[in-house]
Amino acid sequence: MPLVAGIDSSTQSCKVIIRDSVTGALVRQGRASHPDGTEVHPDHWWTALQDAITQAGGLDDVDAVSIGGQQHGMVCLDESGNVVRPALLWNDTRSAPDAEELILEAGGGDAAAGAAYWASTTGTVPVASLTATKLRWLARNEPANAHRTAAVCLPHDWLSWRLAGHGPGTGLASLELLRTDRSDASGTGYFSATTGKYLPEVLERTLGHVPVLPTVVGPLEAAGKTPTGALIGPGAGDNAAAGLGVSAAVGDVVISIGTSGTVFAVSDVPAQDASGLVAGFADATGNYLPLACTLNATRIFDATAALLGVTLAELGNLALSAPEGAEGLTLVPYFEGERTPNLPDAAGSLHGITVSNYTPANMARAAIEGVLCSLADGLAALQAQSVSAQRIILVGGGAQSDAVQQIAASTFGLPVFVPRPGEYVADGAARQAAGVLTGQLPDWKLEGRELTPQSASGVPGVLARYRLYAAGVAKG
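Residues numbered from 1 in each chain as written. Predicted model: local features only at pLDDT ≥ 70, side-chain atom pairs only at ≥ 80, totals over all residues. Heavy atoms only, no water.

Structural notes on the overall build of the protein chain
We count it as follows: A run of DSSP states H or I qualifies as a helix once it reaches four residues; a run of E qualifies as a strand once it reaches two. Both are numbered from the N-terminal end. Every radius of gyration here is taken over C-alpha atoms, with the globule rule written as 2.2 Å times N^0.38, N being the number of residues. Here the term buried applies to any residue with accessible area under 20% of the maximum for its type, exposed to any over 50%, and partly exposed to those in between, with areas from a 1.4 Å probe on protein chains only. Any two residues whose heavy atoms approach within 4.5 Å are treated as being in contact. Residue burial considers only the protein chains on display, and all accessible areas are found by Shrake-Rupley using a 1.4 Å probe. Residues scored as charged are limited to Lys and Arg (positive) and Asp and Glu (negative), so that His and the chain ends carry no count. Charge placement uses NZ in Lys and CZ in Arg. For Asp and Glu, CG and CD serve respectively.
Counting its regular elements, the protein chain contains 16 helices and 24 strands. Rg of the C-alpha trace for the protein chain: 22 Å, near the compact-globule value of 23 Å for 476 residues, within the 12% margin. Taken over the C-alpha atoms alone, the protein chain extends approximately 70 × 60 × 40 Å along its principal axes. The burial tally for the protein chain puts 57% of its 476 residues in the buried class. Pairs at least 24 residues apart make up 73% of the contacts formed inside the protein chain by residues separated by at least 6 positions. Carbon and sulfur atoms make up 53% of the accessible area of the protein chain, which amounts to about 17,700 Å² in all. Within the protein chain, the 45 negative side-chain charges are centred at a point lying 1 Å from the centre of the 27 positive side-chain charges.

Let's talk about the nonpolar core
Formally: Nonpolar cores were defined as sets of buried Ala, Val, Leu, Ile, Met, Phe, Trp, Tyr and Cys residues, with membership established by side-chain atoms within 4.5 Å.
I255, I257, L372, I392, L394 and F412 are the most contacted members of the largest nonpolar core, which has 53 residues in total. Among the elements that make up this core, the one with the highest residue count is helix 13 (residues 360-383) (13 residues). Those residues within four positions of L372 in sequence are excluded, and the remaining contacts are I257, V404, I407, A408, T411 and F412. Core analysis: the next-biggest nonpolar cluster, separate from the first, contains 35 residues, V16, V75, A87 and W158 among them.

Quick notes on unusual backbone geometry
For the peptide bond that leads from T340 to P341, omega is 5°, which places it in the cis range. The phi dihedral of S247 falls on the positive side, at around 55°, and the residue is not glycine. Mapped onto the elements of the fold, S247 is located in the loop between helix 10 (238-245) and strand 16 (252-257). Located in the positive-phi region is S386, a residue other than glycine, with phi close to 70°. For S386, the position within the fold is in the loop between helix 13 and strand 22 (391-395).

Points about the packing of aromatic side chains
Quick note on the threshold: Any two rings among Phe, Tyr and Trp, with Trp reduced to its six-membered ring, count as a pair given centres within 6.5 Å; such a pair is stacked if its planes are under 30 degrees apart, edge-to-face if over 60, and tilted if neither. In this scheme, Lys NZ or Arg CZ marks a charge over a ring once it lies within 6 Å of the ring centre and within 35 degrees of the ring normal.
All told, the structure shown has 4 aromatic pairs when counted by the stated rule. Ring centres of Y190 and Y198 lie 6.2 Å apart, and the angle between their planes is 35°; on these two criteria the pair is classed as tilted. Y198 sits in the partly exposed class, given a relative accessible area of 22%. An aromatic cluster is present here, built from Y190, F191 and Y198 joined pairwise through their rings. One Lys or Arg, R94, reaches over the ring of W137 and ends 4.9 Å from the middle of that ring.

Side note on helix 10
The buried fraction of helix 10 is high, at 7 of 8 residues. Buried residues of helix 10: N239, A240, A241, A242, G243, L244 and G245, and no others. Immediately beyond the C-terminal end of helix 10, within one or two residues, lies S247, with a positive phi of roughly 55°.

Some remarks on the sheet that holds strand 17 (residues 261-265)
How we decide: When DSSP finds two or more bridges between a pair of strands, those strands are recorded as paired. Under this scheme, a helix contributes an axis fitted over its contacting stretch, all axes are lines through C-alpha atoms, and angles between N-to-C directions fall in the 0 to 180 degree range.
Spatially, 7 strands are ordered 18-19-17-16-22-23-24 in an open sheet, and the strand pairing comes out mixed. Whereas interior strands pair on both sides, the edge strands pair on one side only; in this sheet they are strand 18 (279-282) and strand 24 (448-451). For this sheet, the mean inter-axis angle between neighbouring strands, taken without regard to orientation, is 25°. Taken together, the 2 bridges between strand 22 and strand 23 (residues 416-419) define a ladder with parallel strand orientation. By the bridge assignment for strand 23, I392 is matched with V416. Across the face of the sheet, helix 14 (residues 402-412) comes into contact with strand 16, strand 22, strand 23 and strand 24 while running at roughly 40° to strand 24.

Focus: the pattern of salt bridges
Stated formally: Salt bridge, as applied in this entry: a Lys or Arg side-chain nitrogen positioned within 4 Å of an Asp or Glu carboxyl oxygen.
For the structure on display, the rule yields 18 salt bridges. Residues R85 and E39 are paired through a salt bridge, measuring 3.7 Å at the closest nitrogen-oxygen approach. Taken together, the positions of R85 in the loop between strand 6 (75-77) and strand 7 (87-88) and E39 in strand 4 (residues 39-40) put the pair 46 residues apart, joining distant regions of the chain. Relative accessible area serves as the criterion here: at 33%, E39 is assigned to the partly exposed category.

So, in structure tokens, the structure goes:
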């Protein structure tokens, strides 16, 4: 019974899952927290990983291990392998002006032309989360640290490198042994998912020189070995690893409903969206992973439940007691601005109120329909990039609501599969580790609930009404 380990090193914590490589059965697991903040020294990730491994009973009997990690984080190393400065994480926004400058420079002062350049070159228009913009910030604000930077890598790259026995003081030759995969590299802003190559001109434009970068290995290629001899998989960015964890294939769209919403798909064609709504990432299998984000998801449910004085379970029951469309009551859930569409200063709004439809049940229904309609806009943005959508895989804390599941099937007009709650990123990393052992991803059984739209007759009207009101918000 060969064992494999999957690691999820996220913003908040590190989780280690150990599974039977053949059946996928869970053997043991561990977890440790990361510090808060948008700037974190990587040593904290390494400490948390060691703690989580210890809780999981160690890796001595594990044959392969792989890491899924938070994307975009800037880890700078000097010639000796020491960390130059704390890593800037994906959610650190100080490089937003640098993103705008990169777009304008690429277009010769024309933002539209610059966005088109970045979309066609890297698949993603620069935003503050991307590593390239953080390097530009570093060169502009900390030139001495930029000059010291001999290598740049991402959180999962650095942890895999440490697992292989490298680290501070191991020297320049050790930096050449950094490894990564297409999915994580595609979120840097200096890698083309289409060509599979780094873009040295972008690094010159941001950091001021071309540092050592992790070698991009194949989807099931070993990136090294641990000191005890376990194979180390290529790893993946967190969304790509989650895609592996739920066995998403071409035609599947994964919609995650958490504090924010994420819509991503496995596609056999790359995305090049100059509007910036869709990020053109790669996946962990050799395909592509176009992705769109929304800012408002479960917090809308929380706020509406609090307003009505009910629990989340009661909110769901109320919603299911109301008719589809909430009798014309429509919530545009831009409570904290919005990302898809890009309206950072927008606010939420409630429309179509009448004496007869202004009821708790319709309010509950409108809240859930509003969030799902906003995610449907994310789905539409992906489909505009030639993404084939045949099935929705619904995950995240908000997806565990029976009301959300049922209304989602109608809203999206597609079959919906809701896998059992799990650690999808860590599970995906474990599945990749098993694939590295055998040369083929295992077909682990994934239990869950399948739903089909009961009636599509009301869907176009609900979405059309929502989009009419949302367009009004966009116009101001």
